[in-house]
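Architecture and fold: a report
Listed below, chain by chain, are the residues.
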Amino acid sequence: MNSMKTGIMGGTFDPIHYGHLLAAEEARRNLGIDRLIFVPTGDPPHKKDHHITPAEDRYAMTLLATAGVLEYSVSRIEIDRRDDTHTVDTLREFIASGIKPEDLYFITGLDAMLSITSWFEYEKIPELCTLVTARRPGYPVSGIETLPKFVRDKLKYIEIPQFAISSTEIRERARDGRGIRFLVPHLVEIYIESNNLYKNS
Ligand code: NAP
């Protein structure tokens, strides 16, 4: 039997938006990933000084955004972890659950990936998974050449249609009452509005 490829979609998801979902889906299709697990960060060690929406709200929005997609699920693994949340620990936990490193893919944004050398025990990460990051078609990827070769050797790119959405922009639009319809899934829009998220951000 072929082994099952698992993609871990890591992000703060504050909030999750269609850019994340497009990147996830392109990664799934291009790499033949069988199941995709969204892993919202708990208390990100690199963002202690920023205001971040409570993990339970970010988790709820990620559930709403992915509900009904057969291949998608959402994990509480980082939200429920008491200590600081590190990608290397998350990957180790998935491997301990029986996934082989050759079947495990960690997908995240390019900017985040470019900072990987500052992550906790980052040099172990390429042994645990294949790294995947999204880029826009036709745009050169700058900065990747600064990463160590053993990281670059495990890095794959997926091209996503040009889709200039960011969580920062969505928070600003929600704060200013400029509307976020069609930037996030409808249920996420309703969740943000009914919980007054980002009004004071
Ligand atoms: P970030 O710095 O908030 O995001 C960097 C860029 O990547 C932003 O443009 C962001 O866009 C985009 N992005 C984030 N997640 C994405 C995704 N899944 N797909 C496509 N684009 C994405 O990064 P972050 O969200 O905090 O962290 C990303 C991942 O790296 C998380 O899984 C985090 O745990 C991991 N990480 C680990 C460590 C560590 O182990 N010490 C340190 C840093 C990051 P939006 O703002 O629109 O999302």
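Now for a look at the structure at hand. None of the values given here were measured: they were computed from a predicted structure.

Further remarks concern unusual backbone geometry. A cis amide bond links D14 to the next residue, P15, at an omega of 0 degrees. Looking at the element boundaries, P15 is found in the loop between β1 (6-11) and α1 (18-31). Of note in this structure, N196 is not a glycine but carries a positive phi near 55 degrees. Note on placement: N196 falls in the segment after α8 (186-194). Despite not being glycine, Y198 shows a phi value in the positive range, around 70 degrees. Counting through the fold element by element, Y198 comes out in the segment after α8. With relative accessibility at 6%, the residue Y198 sits in the buried group.

Bringing the environment of E78 into the picture now. Relative to the assigned elements, E78 resides in the loop between β3 (72-74) and α3 (87-96). With a relative accessible area of 6%, E78 lands in the buried category. Counting along the chain gives 13 residues from E78 to A65, while the straight-line C-alpha distance between them is 18 Å. Among the polar contacts listed, one links the side chain of E78 to the side chain of T90, at a separation of 2.5 Å.

Now for the nonpolar core. Counting 36 residues, the largest nonpolar core has M9, I16, F38, M61 and I192 as its most contacted members. Broken down by secondary-structure element, the contributors of at least two residues to this core are α1, β2 (35-40), α2 (55-66), β3, β4 (104-108), β5 (130-135), α7 (167-176) and α8. With near-sequence residues (within four places) excluded, M61 lies in contact with P15, I16, V188, Y191, I192, L197 and Y198.

Between two packed helices, both the angle of their axes relative to each other and the distance between the axes serve to describe the pair. It is the contact of α2 with α8, at a shortest axis distance of 8 Å, that shows an interaxial angle of 155 degrees. Considering their axes alone, α2 and α8 lie roughly antiparallel with respect to each other. When the axes of α2 and α8 are compared, the crossing they make is right-handed. Along the contact surface, α2 presents E56, D57, A60, M61, L64 and A65, while α8 presents L187, V188, Y191 and I192. Within the contact of α2 with α8, the residues separate by chemical class into eight nonpolar, no polar and two charged.

Right, let's talk about α3 for a bit. Along α3, the residues classified as buried are T87, V88, T90, L91 and F94. Projection of α3 onto a plane perpendicular to its axis shows the buried side chains occupying an angular sector of 160 degrees, all on one side. In this fold, the buried residues of α3 make contact with β1, β2, β4 and α5 (125-128). Directly beyond the C-terminal end of α3, a positive phi value near 120 degrees is found at G98.

Inspection of the entire model under this criterion finds 13 salt bridges. Ionic pairing is found between R28 and E25, a salt bridge with its closest N-O pair at 2.8 Å. Here R28 pairs with E25, and both are found in helix α1, just three residues apart, close to one helical turn. Relative accessible area serves as the criterion here: at 13%, R28 is assigned to the buried category. For E169, the salt bridge goes to R173, with nearest N and O atoms at 3.7 Å.

Next up on the list: the packing of aromatic side chains. Considering all chains together, one arrives at four aromatic pairs under this definition. Taken together, a centroid distance of 6.0 Å and an interplanar angle of 50 degrees make the contact between F13 and F38 tilted. Here F13, found in the loop between β1 and α1, pairs with F38, found in strand β2; they are 25 residues apart in sequence, far enough to count as distant. When sorted by exposure, F13 lands in the same class as F38, which is buried. Ring centres of F106 and W119 lie 6.2 Å apart, and the angle between their planes is 90 degrees; on these two criteria the pair is classed as edge-to-face. Within this pair, whereas F106 is found in strand β4, its partner W119 is found in the loop between α4 (110-114) and α5, the two being separated by 13 residues in sequence.

Cut-offs and rules
- Residues numbered from 1 in each chain as written.
- Predicted model: local features only at pLDDT ≥ 70, side-chain atom pairs only at ≥ 80, totals over all residues.
- Heavy atoms only, no water.
- Helix = DSSP H or I, 4+ residues; strand = E, 2+ residues; numbered from the N terminus.
- Buried < 20%, exposed > 50% of the residue type's maximum accessible area, 1.4 Å probe, protein only.
- Polar contact = N/O pair within 3.5 Å; in protein donor to acceptor, adjacent residues only side chain to side chain.
- Core = buried A, V, L, I, M, F, W, Y, C linked by side-chain atoms within 4.5 Å.
- Contact = heavy atoms within 4.5 Å.
- Axes fitted to C-alpha atoms, helices over the stretch in contact; angles between N-to-C directions.
- Parallel < 35°, antiparallel > 145°, perpendicular 65-115°, else oblique.
- Left-handed = near helix turned anticlockwise from the far one by under 90°.
- Nonpolar A, V, L, I, M, F, W, Y, C, P; charged D, E, K, R; others polar.
- Arc of directions from axis to C-beta.
- Salt bridge = Lys/Arg side-chain N within 4 Å of Asp/Glu carboxyl O.
- Phe/Tyr/Trp six-rings, centres within 6.5 Å; stacked < 30°, edge-to-face > 60°.

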